[in-house]
Amino acid sequence: MPLVRIDVQAGRTPEELRQLADVVQDVMLEVFAAPPRDRYQIITEHPVGHIIAEDTGLGFERSDGVVVIQIFQQGRSVEQKKAAYALLADRLAAQCGVKPTDLIVSVVANERADWSFGYGRAQFLEGDL
Amino acid sequence: MPLVRIDVQAGRTPEELRQLADVVQDVMLEVFAAPPRDRYQIITEHPVGHIIAEDTGLGFERSDGVVVIQIFQQGRSVEQKKAAYALLADRLAAQCGVKPTDLIVSVVANERADWSFGYGRAQFLEGDL
Amino acid sequence: MPLVRIDVQAGRTPEELRQLADVVQDVMLEVFAAPPRDRYQIITEHPVGHIIAEDTGLGFERSDGVVVIQIFQQGRSVEQKKAAYALLADRLAAQCGVKPTDLIVSVVANERADWSFGYGRAQFLEGDL
């Protein structure tokens, strides 16, 4: 936790995809209070045209390099979310060449009872975490 | 916002998929209070058999043309949701040939702090939107 | 409802994937209070390396056979969730060879108004269910 879905369009190499995922994880560790080895990411590549993203009138165009990051988590504050958005944009631009206009992030909250990380246990409820 | 995941099985042409996504977006604009250019869609095609949908005993069968639409959003009312379901069924049948028995829609809510549409900003919190 | 996303990496046969989905559905019926024919599953296969899962420090390694099950639903109790996690781990190990250390489950809740199973109707609100 968090569980992060990273949706992109085809065009990056496997190494570039891994780097992108690594940078996302760095941000989870640095500002989203994820503990070490708390990494759960699903990367999905789509054909160009299968991610359709406009700008809600904010005044920019998306490119084929658009990245949608959907974060399922519990317990983060508004300040943590704002810090994560900002750091994701900075780091993904600097380390992966993702344009700040190509980054869309959406968060969904659930509860501590909503997670099982292995062995069929609800680790947050059973004292494991 | 909303972020809409459209999951279908293989069998539609690229043009048919685009038309399907366009119709979904029309409904978001018309009855789900999405402002102009507020479009965020991820289309995923799956091999036949990878979407398994029954009917909860409602009395119909799904075909391979099944369409699952998952809408992540905040702030819509029950009436808006009902209107969206009805209009999606009507329009997708009329304009895309989707059987009303092949349409499954599910909505998930989050908060205004849960969205960043670009530049690493939380646009709903920072006065941009 | 529930809508269940099952994400795995490539390597299982179609029959093995179907068996995995069937077992997940059995658990929904047995301990998650899903009524008969209440089955909504989306299976997505990813290239190896596109699901990156560590262990939050719990002390195990994931294999390429990792299975991520994300369940969108409303109304289940903490006890039902705990029972589902445990039974998923048991059954998927026994019937599908999924290691208990390869099973990650995450639940997201919505509301009764958030579901349409066909015909553009909100079945939970309109007396159909």
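Our subject is the structure listed above.
Here goes a summary of the coordinates provided. (Residues numbered from 1 in each chain as written. Chains lettered and ligands numbered in written order. Predicted model: local features only at pLDDT ≥ 70, side-chain atom pairs only at ≥ 80, totals over all residues. Heavy atoms only, no water.)

### A few points about the environment of Ser77 of chain B
Residue and element names in this part refer to chain B.
Thinking step 1. Within the secondary structure, Ser77 is located in the loop between strand S4 (67–73) and helix H2 (78–96).
Thinking step 2. On the accessibility criterion, Ser77 (33% relative accessible area) is partly exposed.
Thinking step 3. Note: C-alpha distance between Ser77 and Pro35 (42 residues apart in sequence) is 16 Å. (Helix = DSSP H or I, 4+ residues; strand = E, 2+ residues; numbered from the N terminus. Buried < 20%, exposed > 50% of the residue type's maximum accessible area, 1.4 Å probe, protein only.)

### Points about the relation of the copies chain A and chain C
Thinking step 1. In the superposition of chain A on chain C (RMSD 0.0 Å, axial shift 0.0 Å), the rotation amounts to 120°. On the angle and the small slide along the axis, the relation comes out as a three-fold axis. In terms of C-alpha distance to the rotation axis, chain A has Val108 of chain A as its closest residue, with the C-alpha 4.8 Å off the axis. (Least-squares fit on C-alpha atoms with pLDDT ≥ 70 in both.)

### Topic: the nonpolar core
Thinking step 1. Among the nonpolar cores identified, the biggest contains 42 residues, and Phe72 of chain A, Phe72 of chain B together with Phe72 of chain C are the most heavily contacted of them.
Thinking step 2. Filtering out sequence-adjacent residues up to four positions away, Phe72 of chain B remains in contact with Gln70, Phe72 and Val108 of chain A, Pro2, Leu3, Arg5, Val108 and Trp115 of chain B together with Phe72 of chain C. (Core = buried A, V, L, I, M, F, W, Y, C linked by side-chain atoms within 4.5 Å. Contact = heavy atoms within 4.5 Å.)

### Focus: the interface of chain B and chain A
Thinking step 1. Each partner contributes residues to the interface: chain B has 34 residues there, and chain A has 33 residues.
Thinking step 2. Carbon and sulfur atoms supply 56% of the area that chain B and chain A bury against each other, a total of about 2,900 Å² over both sides.
Thinking step 3. On the chain B side of the interface with chain A, the three residues burying the most area are Arg37, Asp114 and Tyr119 of chain B, jointly 22% of the side's total.
Thinking step 4. Taken together, the connections running from chain B to chain A amount to four salt bridges.
Thinking step 5. For Lys81 of chain A, the salt bridge goes to Asp114 of chain B, with nearest N and O atoms at 2.6 Å.
Thinking step 6. Where chain B meets chain A, there are 23 residue pairs in polar contact (both at pLDDT 80 or more).
Thinking step 7. Among the secondary structure elements, those contributing two or more residues to the side of chain B that touches chain A are strand S1 (3–9), helix H1 (14–31), strand S2 (40–46) and strand S6 (115–116) of chain B.
Thinking step 8. The greatest single-element share of the side of chain B that touches chain A, amounting to six residues, is contributed by S2 of chain B.
Thinking step 9. Tallied by class, residues from the side of chain B that touches chain A come to 17 nonpolar, seven polar and 10 charged. (Buried area = accessible area lost by both parts, 1.4 Å probe. Salt bridge = Lys/Arg side-chain N within 4 Å of Asp/Glu carboxyl O. Polar contact = N/O pair within 3.5 Å; in protein donor to acceptor, adjacent residues only side chain to side chain. Nonpolar A, V, L, I, M, F, W, Y, C, P; charged D, E, K, R; others polar.)

### Some details on the sheet that holds strand S3 (residues 51–53) of chain C
Thinking step 1. Taken in spatial order, the six strands line up as S6(B)-S5(A)-S4(A)-S1(A)-S2(A)-S3(C) in an open sheet, and their pairing is mixed. A strand with exactly one partner marks an edge of an open sheet, and here the two such strands are S6 of chain B together with S3 of chain C.
Thinking step 2. Here helix H1 (residues 14–31) of chain A sits on the sheet and contacts strand S1 (3–9), strand S2 (40–46) and strand S4 (67–73) of chain A together with S3 of chain C; the angle it forms with S1 of chain A, its principal contact strand, is near 145°.
Thinking step 3. Across the sheet, helix H2 (residues 78–96) of chain A touches S4 and strand S5 (103–109) of chain A together with S6 of chain B, and the angle it forms with S5 of chain A is around 150°. (Pairing = 2+ DSSP bridges. Axes fitted to C-alpha atoms, helices over the stretch in contact; angles between N-to-C directions.)

### Observations regarding the pattern of salt bridges
Pairs may arise between side chains of opposite charge once their charged atoms sit close together.
Thinking step 1. Scanning the model with the defined rule gives 27 salt bridges over all chains in all.
Thinking step 2. For Arg121 of chain B, the salt bridge goes to Glu126 of chain B, with nearest N and O atoms at 3.4 Å.
Thinking step 3. Each of Arg18, Asp22 and Arg39 of chain A takes part in one network of salt bridges that share partners.

### Re the packing of H1 of chain A against H2 of chain A
All names here are of chain A.
Thinking step 1. Remark: H1 packs on H2, axes separated minimally by 9 Å, with the N-to-C direction vectors making an angle of 150°. Crossing of H1 against H2: the hand is right-handed. Of the residues in H2, those touching H1 at Gln19, Leu20, Val23, Val24, Asp26, Val27, Glu30 and Val31 are Gln80, Ala83, Ala84, Leu87, Leu88, Arg91, Leu92, Gln95 and Cys96.
Thinking step 2. Taken together, the residues that form the contact of H1 with H2 break down as 11 nonpolar, three polar and three charged. (Left-handed = near helix turned anticlockwise from the far one by under 90°.)

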